[in-house]
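Examination of the molecular architecture
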Amino acid sequence: MAYAFRAPTPLLKDELDIVIPTIRNLDFLETWRPFFQPYHLIIVQDGDPNKTIRVPEGFDYDLYNRNDITRILGPKSSCISFKDSACRCFGYMVSKKKYIYTIDDDCFVGGTTVAKDPSGKDINALEQHIKNLLSPSTPFFFNTLYDPYRDGADFVRGYPFSLREGVPTAVSHGLWLNVPDYDAPTQLVKPLERNTRYVDAILTIPKGTLFPMCGMNLAFDRELIGPAMYFGLMGDGQPIGRYDDMWAGWCTKVITDHLGLGVKTGMPYIWHSKASNAFVNLKKEYNGIFWQEELIPFFQSVSLPKDATTAQKCYLELAKLVRAKLGKVDGYFIKLADSMVTWIDAWDELNPPKGGVATANGPPKK
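Residues numbered from 1 in each chain as written. Predicted model: local features only at pLDDT ≥ 70, side-chain atom pairs only at ≥ 80, totals over all residues. Heavy atoms only, no water.

Note the threshold: UniProt positions are given in the numbering used here, feature names are shortened, and annotations may be inferred rather than shown by experiment.
Per an unreviewed UniProt entry, the chain is named UDP-arabinopyranose mutase, and its organism is Urochloa decumbens. Turning to the chain, the UniProt annotation filed under Catalytic activity (unreviewed entry) states: "UDP-beta-L-arabinofuranose = UDP-beta-L-arabinopyranose". The annotation that UniProt attaches to the chain under Sequence similarities (unreviewed entry) is "Belongs to the RGP family."

Structure representation (structure tokens):
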């Protein structure tokens, strides 16, 4: 078990899609070309659907804009956020692969902004995410050497042998060099702070512990947890933004805990190049800063029924709890609970059980 990755890491090029939300030309892909070119890209264009997004030559991709989302989902397209990076979750829905890697268009490796490990080697973020997803997690008992399945590590003395097999890993959460993923108040008081620390560690987040998930360097097993990776209803017309990935992270974590799955965080790192405007971010986050003081205790207290045995069933049960308990915090959460149900309806429509027939109208034209 602890020696699973002494062999070369499989590429999974036929089993993994890369999902990228964007409003701009994707020149950043040039720095990722050595790593991304073997894979299929799903690009979700936010904002004006009449704007032409340029994608460098040589990449295999489908590009969806708002018109495509409306055509494919019909009235259910209301659950996909507009003018917010939460639109990326549409890419999760239309993918047919087992794994997803999602990244923002201001994240780099190679070229002039090289993300390197302490030995000076370029970081192959996608390869590390694949390693994380293909090795087990240990959410039920903490190993003080962190991930025991890495080369050069194992279970320490006192670790129960009955738990050493681990559980399937559903989520691999990567980190960032350069610009940290701070909220607006922290950005305002630390405008020049940069992360230069590369911590050579991967750990399983323990069962019962929440974490703030960042969507700009994230991979997950779509078959295990995809239906729970809904980035909420954010952005245009909504009273909150920049909580999309964190909402998905809180939902996903209580569901993985319930289903006996694991979440890993740590490596790989990517180079995050651009600091967004702190004052603009504050306007988006303002309600969330208050609401999160209610949201965290809510998620800490969530208990899902035993007959909720799939991510879909868990998510629908969670939607009921959001409506009943968070609806008292603000009417927005009643709308969000409705969108959570719509999301699952749309997911099931595009991803019927094996033997069923998907009803989507096919991919867009390139």
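A few points about unusual backbone geometry
What counts is decided by this rule: Here a helix means four or more residues in a row that DSSP labels H or I, a strand means two or more in a row labelled E, and each is numbered from the N terminus. Accessible area is worked out with a 1.4 Å probe on protein chains only. A residue is then buried under 20% of its type maximum, exposed over 50%, and partly exposed in between.
Here the bond from Met267 into Pro268 is cis, since omega is 15°, no more than 30 degrees from zero. Summarising the element assignment, Pro268 is placed in strand S9 (residues 262-272). The phi angle at Lys83 is positive, at roughly 60°, despite the residue not being glycine. One can find Lys83 in the loop between helix H2 (66-73) and helix H3 (89-94). Residue class for Lys83 comes out exposed when judged on its relative accessible area of 52%.

A closer look at the nonpolar core
Worth spelling out the cut-off: We call a set of buried Ala, Val, Leu, Ile, Met, Phe, Trp, Tyr and Cys residues a nonpolar core when their side-chain atoms join them within 4.5 Å. Note on contacts: a residue pair qualifies if any of its non-hydrogen atoms lie within 4.5 Å across the two residues.
Among the nonpolar cores identified, the biggest contains 65 residues, and Trp247, Tyr315, Leu318 and Trp343 are the most heavily contacted of them. When residues no more than four places from it in sequence are discounted, the contact partners of Tyr315 are Pro227, Ala228, Tyr230, Trp247, Cys251, Ile255, Met340, Trp343 and Ile344. Counting residues in hydrophobic clusters, the runner-up holds 41 residues, among them Phe28, Trp32, Phe59 and Tyr198.

Observations concerning helix H8 (residues 278-301)
Let me state the cut-off plainly: Expected span of a helix: the number of residues minus one, times 1.5 Å. Note that the bend at a residue is defined as the angle between axes fitted to the seven residues ending at it and the seven residues starting at it. Polar contact is defined as a pair of N or O atoms within 3.5 Å, subject to the rule that within protein one atom must be able to donate a hydrogen and the other to accept it, and that residues adjacent in sequence are counted only when both atoms are side-chain atoms.
In this model, H8 (24 residues) spans 32 Å end to end at C-alpha, consistent with the 34 Å of a helix rising 1.5 Å per residue. By the largest-angle criterion, Glu285 marks the main kink of H8, which is about 55°. Here H8 has its buried residues at Ala278, Asn281, Glu285, Gly288, Trp291, Leu295, Phe298 and Phe299. If you follow the buried residues of H8, they end up packed against helix H5 (184-189), helix H7 (244-259), helix H9 (311-325) and helix H10 (332-350). With a side-chain oxygen positioned 2.9 Å from the backbone nitrogen of Phe279, the residue opening H8 is Asn277.

A few points about the packing of aromatic side chains
Formally: Centres within 6.5 Å are what make two rings of Phe, Tyr or Trp a pair, Trp counting through its six-membered ring; a difference in plane orientation under 30 degrees is then read as stacked, over 60 as edge-to-face, and the rest as tilted.
Within this structure, the stated rule accounts for 24 aromatic pairs. Ring geometry for Trp32 versus Phe36: centroids 4.6 Å apart, planes at 10°, classification stacked. Note that Trp32 and Phe36 are positioned in helix H1 (residues 29-36) at a spacing of four residues, about one turn of the helix. Take Trp32 and Phe36: they sit in the same class, and that class is buried. Their ring planes at 90° and their centres at 5.6 Å tell us that Tyr149 and Phe155 sit as a pair that is edge-to-face. We note that Tyr149, like Phe155, is buried. Put simply, the rings of Tyr243, Trp247, Trp250, Trp291, Phe298, Phe299, Tyr332 and Phe333 touch in pairs and so form one group of aromatic residues.

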